[in-house]
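An overview of the molecular structure
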Amino acid sequence: MSPAFASFVTIPVDPVDLPCFDPGLFHQPEVLGRFVTWEWNLETAEVRWGGNVKALYGFPDIELTRLTDVITRIHPDDQRAVVDAMLKAVVDIAEFDCEFRAIWPDGSIHWLLARGSPSGPEEGMPDRLIGFTSDITPHKAIDEEILRQRNVLEEVFRQAPAFMAVLGGPEHVFELVNDEYRRMIPGREFIGERVIDVVPEAEGQGFLELLEGVYRTGVPHVEYSRRFDLSWGQDDRIEVRYLDYVYQPRRDPDGCISGVIVLGVDRTERVCAEQKLIESEKLAAVGLLASSIAHEINNPLAAVSNYLYLAGTTDDLPEIHEYLAIASRELERVTELANQTLVFQKRSVTPVETSLKTLAEGVLTLYAGQLRNAGVSVDNRHRVHSPLICLEADVRQIIGNLIANAIAAMPNERGCLLIRSTAVSDHLSGTLCQRLTIADNGTGIAEALLSRIFDPFFTTKGSAGNGLGLWIIGEIVKRNGWKIQVRSRNSGSRRGTIVCLTLPSTP
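Residue positions within a chain follow its written sequence, with the count starting from 1. In keeping with the model being predicted, local features are shown solely for residues with a pLDDT of at least 70 and side-chain atom pairs are shown and tallied solely at 80 or more, while totals for entire chains, interfaces and linings include all residues. By convention in this description, side-chain values take in all heavy atoms of the structure and omit both hydrogens and water.

Along the backbone of the protein there are 12 helices and 17 strands. When accessible area is computed with a 1.4 Å probe and restricted to protein chains, residues below 20% of their type maximum are described as buried, those above 50% as exposed, and intermediate ones as partly exposed. The buried share of the protein, taken over its 507 residues, is 42%. Whether two residues are in contact is decided by their heavy atoms, any of which lying within 4.5 Å being enough. Taking as baseline every contact in the protein between residues at least 6 positions apart, the subset at least 24 positions apart corresponds to 59%. For the protein, the exposed surface amounts to about 27600 Å²; the carbon and sulfur share of it is 54%. Only DSSP runs of H or I covering at least 4 residues are called helices, and only runs of E covering at least 2 are called strands; the numbering of each starts at the N terminus. Residue burial considers only the protein chains on display, and all accessible areas are found by Shrake-Rupley using a 1.4 Å probe.

To continue, consider empty space enclosed by the protein. For cavity detection a 1 Å grid was placed over the protein atoms alone, and a set of points counts as a cavity when a 1.4 Å probe fits there but cannot get out; an open set counts as a pocket when protein lies on both sides within 12 Å along at least five of seven lines, with lining residues being those that have an atom within 4 Å of a point. Grid points are joined across faces, edges and corners, and a volume is the space filled by probe spheres set on the points. Applying the stated criterion across every chain yields a total of two cavities of 30 Å³ or more. Taken as a whole, the largest cavity encloses approximately 210 Å³ of empty space. As for the largest cavity, its lining consists of 16 residues, of which Y181, A202, F207, Y247 and V262 are closest to the centre. When residues of the lining of the largest cavity are traced back to their parent elements, those giving at least two are β6 (163-168), α5 (179-184), α7 (207-217) and β9 (237-251). Tallying contributions element by element places β9 first for the lining of the largest cavity, with three residues.

A regular strand places its side chains so that they alternate between the two faces of the sheet. Pairing between strands is defined by DSSP: at least two bridges between the two strands are required. The sheet contact formed by strand β16 (residues 483-489) and strand β17 (residues 496-504) spans seven bridges and is antiparallel. Its bridge partner lying in β17, R487 is registered against I498. Hairpin remark: β16 followed by β17, antiparallel, with six residues in the connecting loop; positive phi at G492, about 85°.

With that settled, consider the packing of helix α10 (residues 356-373) against helix α11 (residues 392-408). To define axes, lines are fitted to C-alpha atoms, for helices over the stretch in contact only, and angles between the resulting N-to-C directions are given on a 0 to 180 degree scale. Viewed as axis vectors pointing N to C, α10 and α11 meet at an angle of 35°, and their least axial separation amounts to 9 Å. The crossing of α10 and α11 is right-handed. Of the residues in α11, those in contact with L356, L359, A360, V363, L364, Y367, Q370 and L371 of α10 are E392, V395, R396, I399, G400, I403, A404 and I407. Think of it as three bins: nonpolar holds Ala, Val, Leu, Ile, Met, Phe, Trp, Tyr, Cys and Pro, charged holds Asp, Glu, Lys and Arg, and polar takes everything else, Gly as well. Here the contact of α10 with α11 is composed, by residue class, of 12 nonpolar, two polar and two charged. Helix crossings are classified by the rotation of the near helix relative to the far one: an anticlockwise turn of less than a right angle makes the crossing left-handed, while a clockwise turn makes it right-handed.

The next thing to look at is the side chain of S258. Note that S258 resides in strand β10 (residues 257-266). Excluding residues that lie within four positions of it along the chain, S258 makes contacts with L167, G168, G169, Y215, R250, R251 and D252.

Our focus in this paragraph is the packing of aromatic side chains. Two rings from Phe, Tyr or Trp (for Trp, the six-membered ring) form a pair when their centres are within 6.5 Å of each other. A pair whose planes differ by under 30 degrees is stacked, one over 60 is edge-to-face, and the rest are tilted. According to the stated counting rule, one finds 10 aromatic pairs in the structure shown. Note on Y181 and F190: the rings are 5.5 Å apart at their centroids and 85° apart in plane angle, and the pair reads as edge-to-face. The exposure class assigned to F190 is buried, which follows from its relative accessible area of 1%. An angle of 75° between the planes, with centres 5.3 Å apart, marks the rings of F207 and F228 as edge-to-face.

This part covers the pairing of β6. In terms of burial, β6 is a largely internal element, five of the six residues being buried. Relative to β10, β6 runs antiparallel, the two sharing six bridges. Paired with F163 across the bridge in β10 is G264. Both β6 and strand β7 (residues 173-177) contribute to a ladder of four bridges, which runs antiparallel. Along β7, the bridge assignment pairs A165 with V177.

This part covers unusual backbone geometry. Notably, H172 is not glycine yet its phi reads approximately 55°, a positive angle. Following the sequence through the fold, H172 ends up in the loop between β6 and β7. For H172, a relative accessible area of 3% translates into the label buried. The backbone of S225 sits at a positive phi, close to 50°, despite the residue not being glycine. Relative to the elements of secondary structure, S225 occurs in strand β8 (residues 221-232).

A separate point is the nonpolar core. For soluble globular proteins, nonpolar side chains are generally found buried alongside one another. Only buried Ala, Val, Leu, Ile, Met, Phe, Trp, Tyr and Cys residues count toward a nonpolar core, and they belong to the same one when joined by side-chain atoms within 4.5 Å. With 37 residues, the main nonpolar core has V395, I398, I399, I403, L417, I419 and W482 as its most contacted residues. Elements that contribute at least two residues to this core include exactly α10, β13 (388-390), α11, β14 (416-425), β15 (432-440), α12 (469-480) and β17. With eight residues, the top contributor of residues to this core is α10. Not counting chain neighbours up to four residues away, the residues in contact with I403 comprise V363, L364, Y367, L417 and I419. Formed by 28 residues, the second largest nonpolar core is a distinct cluster that contains V36, W40, A89 and F96.

This part is about the sheet that holds β9. An order of β7-β6-β10-β9-β8 is seen for the five strands of this open sheet, with the pairing classed as antiparallel. One side of each edge strand has no neighbouring strand; the edge strands of this open sheet are β7 and β8. Strand-to-strand twist in this sheet, taken as the mean axis angle between neighbours without regard to direction, amounts to 35°.

Right, let's get into the confidence of the model for the protein. Per-residue confidence from the predictor is reported as pLDDT, which spans 0 to 100. In the predicted model, the protein carries a mean pLDDT of 81, and 83% of its residues have values of at least 70. Predicted confidence is poor over residues 1-33, with pLDDT under 50, and the contacts of this stretch with residues over four places away or in other chains come to 80 contacts.

Let's shift gears to the pattern of salt bridges. A side chain with one charge can pair with a side chain of the opposite charge if their charged atoms come near. In the sections that follow, a salt bridge refers to a side-chain nitrogen of Lys or Arg positioned within 4 Å of a carboxyl oxygen of Asp or Glu. Summed over the entire model, instances satisfying the criterion amount to 28 salt bridges. Here E39 makes a salt bridge to R48, at a shortest N to O gap of 2.3 Å. Linked by salt bridges that have partners in common, E39, R48, D127 and R128 make up one network.

Take a look at the structure:
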């Protein structure tokens, strides 16, 4: 059968009687008044309308007397789809459901929804297609805005300068991954796969345990500069990365945890740059000590030469033994200076047992020449005798930087450097700690500047300083989880600076 489209006449049709009618369409007030019913007689090619046709098509029903007239009011890109959907409903005796755009006389576009069902005798082909058409422009605008906002969010997620991933369920399956995450771990397929399968190296480094804890407890986990050893390339070489990241529990509308959101920043370049700065500052400190150490070594070596000469000018055996014993003690001084210099430069990677007294005295040995030349007296007393387990190179570098700062702050000849160590207890955790105090009576620091002293490249020494010493101290303290406090006055009779470093007796 080839249905034709004839003129339309108005007939009363109750939409509730239509088999394809959805009562939910009338829950929105804006739908009322923009709704028409229609009947297409397949035998006579007549189409009859019920309702305000103009409210939908922008034309009165007298101008839409033929289906071809109606089709011409439909957007050209939608015409073929509408006709095909109607014919398919008739041929297959199926529901007709189609969305399309109508073009009004003023050129505006209105979205319409048409639904219908074939009807006819109990036997044979249907002779009618009955249905309704409603204006869904407001809903379509909402849908388009939702889609636009979703596209914006997807683009923000994709282009975010931080790595992001959304993990689902207790298996931690990747549901979403942005570009930065893929760049951080390239060459792997993520979506639909478990973290343990895609990033197996995460298991041995504690990351999976952290994910489990966040998923189980709902407590977020935040960490800074966390080391991550990533297998790279076909040869599985290890590439070290340092990450700032947070594991945030993901909750459903009912509050139940359904997964974990991963958000972070790759800080590898920054951490490596900071490590190079620290190493360069350490080398610079050793360089500044070189002249002082050379002077300290030269004195005992000169004494050794003199006593060896005297030993060679006498035949008195006891006198020779005395000269050699003195020369031996002077050589021990040289050995101690050389060892302290090597220890100061050596980088420790594992905590060892030591004491604040041993560390402070070792650094003071290196700075003895500078302290003496600057006319600075040293009051070095220690009241804590329990062992300290720490990265001794980090503590030595802090002590060395603080002593160097104190010497620079005491240009007069009545400078005094005070060093103390005491046992204390953390008032929050009750942990047994040790506190090292280094104080001087130098020029001090203005109160307004104290908040900036740990900033990189900030200095109160003018061109004489590079602003890295205290910044490095701050980075070391932060990395180890220690505490540091600074008090200072730059005026009055009690001016000077006091620095207190507090660290646990065991890591």
